[in-house]
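# Observations on chain architecture
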Amino acid sequence: MQVTVENLKAENDQLKTGSAPSSLVFSCIPPSSTTQPSVQTVAIGHFKSTTNLTRSFSFCPDEVFVSNTETTDVLSLSPPRGETRLRVVVRVADQQLLRQQGKPDFYIGSVRIDSRTDWAAVDTVITTTFQNYIFQLDPSTGMGLSMDSIHSYSVNQVKRVLGAESPDSPPFHCLNKGHGLITVTLKGFKDKFVDSIVFETLVPKPMMQHYISLLMKHRRVVLSGPSGTGKTYLASRLAEYLLEWTGHEAGPDRIVTFNMHQQTCRELQLYLSNLANQLDRDSDAEDTPLVIVLDDVSDAASISELVNSALTCKYHKCPYIIGTTNQCVKMSSNHGLHLSFRMIIISNNVEPANGFLLRYLNRKLIEVEDESTLSQAELQKVLDWLPKLWYHLHTFLETHSTSDFLIGPCFFLSCPVTVAEFRSWFIDLWNQSIIPYLQEGAKDGMKVHGQKAVWEDPVEWVRSTLPWPSAQQDQAKLFHLPPPTAAPNTASQQPNCDRNSKDTQSVAMNSDPLMAMLLKLQESANYIESPEMDILEDPNFQQHYEL
């Protein structure tokens, strides 16, 4: 009786103080995230495939928590045992160039799993994490990618192919001690898809399909556009993926690159002639190149004639040839050039160049994992400002310079992702690189055209829009751009100069809004022009080219 009375007293005291047994207390605050705020971390709670599941989402700035729980689990008082946080990366390490650069993985987010998690639950959160990521890069279209772009993923060394039979071991048993990792593989050329190269290069999927279509049918393309638009990088990626498409192993002899700024046309002609003789004897030799990259071509028309005269072997035996040039060949009347090479125009006014910088900066921001080194709101404001700066400088050069001095988005890819570092980086970039480049461009424009428009110093716009805190103290550190001085009798000398006449026509096309519209129409027409390709088995690939 005395024991019963003591127990009743203890319960009465608990009721008076308002406390409750610890087994009935649970926190409504989600666990803190160790990833940076721009990445949505998916936490997986208790998953049991044999019961009816209810899904609940708890939204907070840092994480999206997905939990499929039984009714009794909602009142669970303690956190799941053995919960492990895993980083999720997309891996494209099979490509030779990326291995050399030491950049095999792209971080896209984090997930949490515990001992009760099954493979179906991991499938859901991996696809959700990927889809969130691509729409953070490109909020409008996600570059044409979706959760269907995922081919498989691996939890440490255990591979899970979506749509196939699940591995025998549960996901939690696949974890090793230490920091876990989930590697995602996208559909690539081996599967007759282009999703992997789209993700890697940040070129929207419809445009990449168009480029591949032209290359696979005509075997020879030239990437034409202003300096800094990523032509050389894209040519290298296309060459690497062609090896994967054809099933060839990457090797030093399979891709040959000629830098036409450093090597002569005579050297190229001799190499192609010897290659043609070798291909006539043995087209399956392992030491013959599959792709030849002609980088920095100064005269695309003459290179076309050289290639046609030197490569005398049968067309289907010839290697693929990818050229790059800064020349404006889009309006060329040289029909021989267009019959030999298909032109791919990369303009700052249209995709993929005009949206590339924003997608690249978003990716760079997501890969920053140390929250303590940045103020997210301030950094986001700075990175949002950079594409606006690029567009302003591009417009300035279109107005006051020639087509030889247009500026591409790659000019700004080295920007750091902390506000303090960005501040000093930009001041140095402006004073040491941008101002000298704009000065040379303005002088060239004055020499060719004279003064076409009222002069406006671009530093005034920059000073008034600097996005970082305490920017006023840095305004005086940014150099002015003085207007160029017109040379005497410049106007009277220009009509007699063929080069200046050609540059005048090119800049007029770039400056004219009508020409900008025609460029976009040309891009659209190229989609219709693209041939049907039986070798591409992806239905989504084919639909872009049906007339």
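Residues numbered from 1 in each chain as written. Predicted model: local features only at pLDDT ≥ 70, side-chain atom pairs only at ≥ 80, totals over all residues. Heavy atoms only, no water.

### Digging into the overall build of the protein chain
Worth spelling out the cut-off: Numbering of helices and strands starts at the N terminus; helices are DSSP runs of H or I of at least 4 residues and strands are runs of E of at least 2. Note on classification: 1.4 Å probe, protein chains only; a residue is buried when its accessible area is under 20% of the maximum for its type, exposed when over 50%, partly exposed between these limits. Working rule for contacts: check all heavy atoms of both residues, and any pair within 4.5 Å makes them a contact. Only the protein chains shown count as cover for residues, and the accessible areas themselves come from Shrake-Rupley with a 1.4 Å probe.
Looking only at helices and strands, the protein chain has 18 helices and 13 strands in total. By residue count, 49% of the 547 residues in the protein chain fall in the buried class. For the protein chain, long-range pairs separated by at least 24 residues make up 73% of all intrachain contacts whose partners lie at least 6 apart in sequence. When the accessible area of the protein chain is evaluated, it comes to approximately 27000 Å², of which 52% is carbon and sulfur surface.

### Concerning the pattern of salt bridges
Applied cut-off: Note on definitions: salt bridges are taken to be side-chain nitrogens of Lys or Arg within 4 Å of carboxyl oxygens of Asp or Glu.
Under the criterion given, the structure shown has seven salt bridges. One continuous salt-bridge network, built from bridges that share partners, spans R423, D474 and K477.

### A look at the nonpolar core
Where we set the bar: Buried residues of nine kinds, namely Ala, Val, Leu, Ile, Met, Phe, Trp, Tyr and Cys, make up a nonpolar core once their side-chain atoms join them within 4.5 Å.
M208, F412, F426 and W430 are the most contacted members of the largest nonpolar core, which has 100 residues in total. Setting aside its immediate chain neighbours within four residues, W430 contacts L389, L393, I435, P436, P458, V459, V462, L478 and F479. One finds L306, V307, F341 and I345 within the second-largest nonpolar core, a separate group that totals 23 residues.

### Quick look at the side chain of D295
Short version of the rule: Positive charge is attributed to Lys and Arg, negative charge to Asp and Glu, and no charge count is given to His or to the chain ends. Throughout this description, a polar contact denotes any pair of N or O atoms lying within 3.5 Å of each other; where both atoms belong to protein, one of them has to be capable of donating a hydrogen while the other can accept it, and for residues adjacent in sequence the pair is counted only when both atoms sit in side chains.
For D295, the location among the structural elements is in strand β11 (residues 291–297). Here D295 sits buried without a salt bridge, and the closest side chain of opposite charge, K231, lies 7.3 Å off (N-O distance). Here the side chain of D295 touches T324 through a polar contact of 2.5 Å, side chain to side chain.

### Re the packing of helix α6 (residues 205–218) against helix α7 (residues 231–246)
Test applied: Axis geometry follows a simple rule: fit a line to the C-alpha atoms, using only the stretch in contact for helices, then measure angles between N-to-C directions, giving values from 0 to 180 degrees. In this scheme, roughly parallel covers angles under 35 degrees and roughly antiparallel covers those over 145, while 65 to 115 is roughly perpendicular and the rest are oblique. Handedness of a crossing is defined here by the sense of rotation of the near helix relative to the far one, left-handed for an anticlockwise turn of less than a right angle and right-handed for a clockwise turn. Polar here means any residue other than Ala, Val, Leu, Ile, Met, Phe, Trp, Tyr, Cys and Pro, which are nonpolar, and Asp, Glu, Lys and Arg, which are charged; Gly is therefore polar.
Their axes nearest at 12 Å, the elements α6 and α7 cross at an angle of 65 degrees. Between α6 and α7, the angle is such that the two are roughly perpendicular. Of the two elements, α6 crosses α7, and the hand of that crossing is right-handed. Contacts between α6 and α7 pair M208, Y211, I212, L215 and M216 from the former with L234, L238, L242 and W245 from the latter. Of the residues assigned to the contact of α6 with α7, the class counts are nine nonpolar, no polar and no charged.

### Side note on the pairing of strand β5 (residues 105–113)
To keep it simple, the criterion reads: Pairs of strands are assigned from DSSP output, requiring at least two bridges between the strands.
With respect to burial, β5 is a largely interior element, nine of its nine residues being buried. Across eight bridges, the pairing between strand β4 (residues 84–91) and β5 is antiparallel. Its bridge partner being in β5, T84 is matched across the sheet by I113.

### Things to note about the confidence of the model for the protein chain
This is how it is decided: Scored from 0 to 100, pLDDT records how confident the predictor is in each individual residue.
In the predicted model, the protein chain carries a mean pLDDT of 74, and 66% of its residues have values of at least 70. In the predicted structure, residues 330–338 sits below a pLDDT of 50 and forms 15 contacts with residues beyond four places in sequence or in another chain. A low-confidence stretch, residues 489–511 (pLDDT under 50), is modelled with 34 contacts involving residues beyond four sequence positions or located in other chains.

### Things to note about empty space enclosed by the protein
Keep this limit in mind: With a 1 Å grid laid over protein atoms only, a set of points is called a cavity when a 1.4 Å probe fits there but cannot get out and a pocket when it is open yet has protein on both sides within 12 Å along at least five of seven lines; lining residues have an atom within 4 Å of a point. Grid points are joined across faces, edges and corners, and a volume is the space filled by probe spheres set on the points.
Enumeration according to the criterion identifies three cavities of 30 Å³ or more in this entry. As a volume, the second largest cavity reaches approximately 80 Å³. Every residue along the wall of the second largest cavity is listed here: T399, H400, A442, G445, M446, G450, Q451, K452, A453, W455 and P484. Counting residues per element, the ones that place at least two in the lining of the second largest cavity are α12 (376–400) and α13 (419–449).

### Looking at the side chain of D118
With respect to the helices, strands and loops of the structure, D118 is situated in the loop between β5 and α4 (119–137). One buried charge, D118, has no salt-bridge partner; the nearest side chain with opposite charge is R160, at 8.7 Å. In this structure the side chain of D118 is engaged in a polar contact, spanning 2.9 Å, whose partner is the backbone nitrogen of A121.

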